[in-house]
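# Descriptive structure summary
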Amino acid sequence: MQELTHFINGEKTTGTSGRFADIQSPATGEKLATVPLATKDEIDAAVAKAAEAQIGWAATNPQKRARVMMKFAALINEHMDTLAELVSREHGKTLPDARGDVQRGLEVVEVCMGAPHMLKGEYTDAGGPGIDLYSMRQPLGVVAGITPFNFPAMIPLWKMAPALSCGNAMILKPSERVPSTALYLAELLQQAGLPDGVLQVVNGDKEAVDALLDNDTIQAVGFVGSTPIAQYIYGRAATNGKRAQCFGGAKNHMLIMPDADLDKAADALMGAGFGAAGERCMAISVAVPVGQETADRLIEKLVPRIEKLKVGPYTAGEDIDFGPVITPAAKSRIEGLIDSGVAQGAKLVTDGRGLTLQGYESGNFVGPTLFDNVTADMDIYQEEIFGPVLSTVRMDTYEDALTLVRDNAYGNGTAIYTADGDTARDFAHRVNVGMVGINFPIPVPLSYHSFGGWKKSAFGDLNQYGPDAFKFYTRTKTVTARWFSGIKDGGEFNFKAMD
Ligand code: NAD
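Residues numbered from 1 in each chain as written. Predicted model: local features only at pLDDT ≥ 70, side-chain atom pairs only at ≥ 80, totals over all residues. Heavy atoms only, no water.

### A closer look at the overall build of the protein chain
Keep this limit in mind: Helix numbering and strand numbering both begin at the N terminus, where a helix is a DSSP run of H or I of at least 4 residues and a strand a DSSP run of E of at least 2. The globule rule used for comparison is 2.2 Å times the number of residues to the exponent 0.38, while the radius of gyration itself is calculated over C-alpha atoms. Accessibility here uses a 1.4 Å probe with only protein chains present; expressed as a share of the type maximum, an area under 20% marks a residue as buried, one over 50% as exposed, and anything in between as partly exposed. Residue contacts follow a heavy-atom distance rule, with two residues in contact if any of their heavy atoms lie within 4.5 Å. Using a 1.4 Å probe, the Shrake-Rupley method yields the accessible areas, and only the shown protein chains count as cover for residues. Two residue types count as positive, namely Lys and Arg, and two as negative, namely Asp and Glu; His and chain ends fall outside the count. To locate a charge, take NZ of a lysine, CZ of an arginine, CG of an aspartate or CD of a glutamate.
If you tally the helices and strands in the protein chain, you get 16 helices and 23 strands. Since a compact globule built from 499 residues should have a radius of gyration of about 23 Å, the 25 Å found for the protein chain is in line with a globular shape. Its C-alpha atoms give the protein chain principal-axis dimensions of about 85 × 60 × 40 Å. Buried positions account for 57% of the 499 residues belonging to the protein chain. For the protein chain, contacts bridging at least 24 residues in sequence account for 73% of all contacts bridging at least 6. Carbon and sulfur atoms provide 51% of the accessible area of the protein chain, an area that totals close to 20,500 Å². Distance between charge centres in the protein chain, computed from 46 positive and 60 negative side chains, equals 5 Å.

Structure, rendered in structure tokens:
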């Protein structure tokens, strides 16, 4: 049985708490490893060492820090298959999807190669007589990253690359269900030249997270996970005077207008609804066809496509469409929600409950599930299911469909399928959601834009990666400077305007 470690001060470090979490293969149920759960003392010691290491790292010029990112990117490419295998083994997603997980994280590392440009300050020449002003972006110090299970590579990379390239040290607390990828990335960063202690990967659960939130040295917290935990972490971090951005759950809708290309919309819903077994914060979990005829035609197109989907372990080949969900508890929660949909009157079109695969009887597999005639009061509409379950809510008009999305508690992503530019443009302007796709199902912005939801999908300020990340991980200092050519008039005692 493999016993995983932390990665502290450049070394694999055995946990001292005596507390461990099991890591189980989602596909087989087999226990793969145990991961140590850090105590408050272990966290505090890792933070103290990071604070020492951060001083030298902050003093390293930005271009040299960027060169570490360049080497890191090359190493990620070189080790892509190993990283993807680690992702799939612990998370269960298919290998092509796992490579996408690494790739979308790598793209943020690539943008961080240009960090010196993003860290340039502002300058006002002669803002007053003989007075110049300049602003600089300085690192915060030691920051914390707390990440979820569903993107074991991408989200740790979204956190560590901007934080480190801005000159901070980071304590990364990955999900205790999928820690191996983050540990491996820390080793690659060390090979890329990152000084020891600047990135500390400390594994743990609530005890470790609370220790980070209460540690006075931690200046900022970047969190991604479920909404209740995001809200809790935002509140505690803010109360303790820390900068915090906490990204939460989602319920993403796709509007399908009567003029949409329904084959393209149905194809898009396969990947966006069922890819990664629906365990994506940008998954489309609600299809909103506008008009009864659109709805009938859409369902007709979805059913044969769903029947062709292949569910299986990542080891079964690259033509598998999606794998198991993360834990037996997740499977039974999803199946319980499907039961509730039936009990509350939704029409179950395809039923993914009770799926077992020969040879993988202990795997957490749930088949693709489609509901029709879902209404906004049902639990399957209200809750983030985080499984391969697509709900169809029929709406009579575009305005009703838009109102449905606007009234939903979450606001991470949304999409519209239409042939009409005017409708698409109106939707993009009026919808209160952070990321919008027009004939594009999963609108995760490219790494030089930035990622973030609205409403209960995000707490705090500024988005992840892109230009916002360089603002989040630095603070501005502004200097007003005057160099005297000689004091002719003696001292000044009044607070003066610069005229
Ligand atoms: P989670 O909230 O259970 O866990 C996230 C992190 O918080 C983990 O590191 C975990 O150890 C820690 N944590 C869990 N419970 C805690 C507690 N009580 N106190 C302190 N820390 C705690 O989320 P998850 O199940 O790992 O991930 C799935 C969720 O993440 C979904 O809701 C999904 O929508 C969301 N998500 C959001 C985004 C986004 O960018 N908005 C991206 C990916 C995933």
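### What about the sheet that holds strand β6 (residues 122-128)?
One key point about sheets: their strands pair by backbone hydrogen bonds, in either a parallel or an antiparallel sense. Quick note on the threshold: At least two bridges found by DSSP between two strands is the condition for calling them paired. In this analysis an axis means a line fitted to C-alpha atoms, helices contributing only their contacting stretch, and an angle means the value between N-to-C directions, from 0 to 180 degrees.
In space, the 3 strands of this open sheet follow the order β6-β7-β23, with antiparallel pairing throughout. Both edges of this open sheet fall to β6 and β23 (474-482), since each of them pairs with a single strand only. The mean inter-strand angle of the sheet, taken between neighbouring strand axes irrespective of direction, is 20°. Of the pairings in the sheet, the one linking strand β7 (residues 131-139) to β23 comprises 9 bridges and is antiparallel in character. In the strand pairing of β23, Asp 132 is matched with Ala 481.

### Digging into the pattern of salt bridges
Stated formally: A pair is scored as a salt bridge if a Lys or Arg side-chain nitrogen falls within 4 Å of a carboxyl oxygen belonging to Asp or Glu.
The full count for this structure, using the stated rule, is 28 salt bridges. Residues Lys 12 and Glu 187 are paired through a salt bridge, measuring 3.5 Å at the closest nitrogen-oxygen approach. Linking Lys 12 in strand β3 (residues 11-13) with Glu 187 in helix α7 (residues 180-191), this pair joins segments that are 175 residues apart in sequence. Judged by its relative accessible area of 56%, Lys 12 falls in the exposed class.

### Observations concerning the packing of helix α10 (residues 262-274) against helix α11 (residues 292-308)
Here is the rule: Should an angle fall under 35 degrees it is taken as roughly parallel, and over 145 as roughly antiparallel, whereas 65 to 115 is taken as roughly perpendicular and any remaining angle as oblique. By convention the crossing between two helices is left-handed if the near helix lies anticlockwise of the far one by an angle smaller than a right angle, and right-handed if it lies clockwise. Lys, Arg, Asp and Glu make up the charged group, whereas Ala, Val, Leu, Ile, Met, Phe, Trp, Tyr, Cys and Pro make up the nonpolar group; the residues left over, Gly among them, are polar.
Put simply, α10 and α11 touch, their axes get as near as 9 Å, and they point 55° apart. With respect to their mutual orientation, α10 and α11 come out oblique. Relative to α11, the crossing made by α10 is right-handed. Contact residues: Leu 262, Asp 263, Ala 266, Asp 267, Leu 269, Met 270 and Phe 274 in α10; Thr 294, Arg 297, Leu 298, Lys 301, Leu 302, Arg 305 and Ile 306 in α11. Its residues assigned to classes, the contact of α10 with α11 shows 8 nonpolar, 1 polar and 5 charged.

### Digging into the domain arrangement of the protein chain
Threshold: Boundaries of every domain are those given by an automatic assignment or by a domain database. Two parts placed together each lose some accessible area; with a 1.4 Å probe, that loss summed over both constitutes the buried area. Polar contacts here mean pairs of N or O atoms no more than 3.5 Å apart (in protein, one a potential hydrogen donor and the other a potential acceptor; neighbouring residues in sequence count only if both atoms are side-chain atoms).
When cut into domains, the protein chain gives domain 1 (2-248 + 457-480) and domain 2 (252-438). In this complex, domain 1 contributes 23 residues to the contact, which on the side of domain 2 involves 24 residues. Buried surface at the junction of domain 1 and domain 2, summed over both partners, amounts to about 1,900 Å²; 59% is from carbon and sulfur atoms. Contact with domain 2 buries area across many residues of domain 1, yet Pro 26, Ala 27 and Ser 457 alone supply 25% of it, more than any other trio. Taken together, the connections running from domain 1 to domain 2 amount to 8 residue pairs in polar contact (both at pLDDT 80 or more). Put simply, the parts of the chain that give the side of domain 1 that touches domain 2 at least two residues each are α3 (80-91) and α4 (95-112). Residues that form the side of domain 1 that touches domain 2 fall into these classes: 7 nonpolar, 9 polar and 7 charged.

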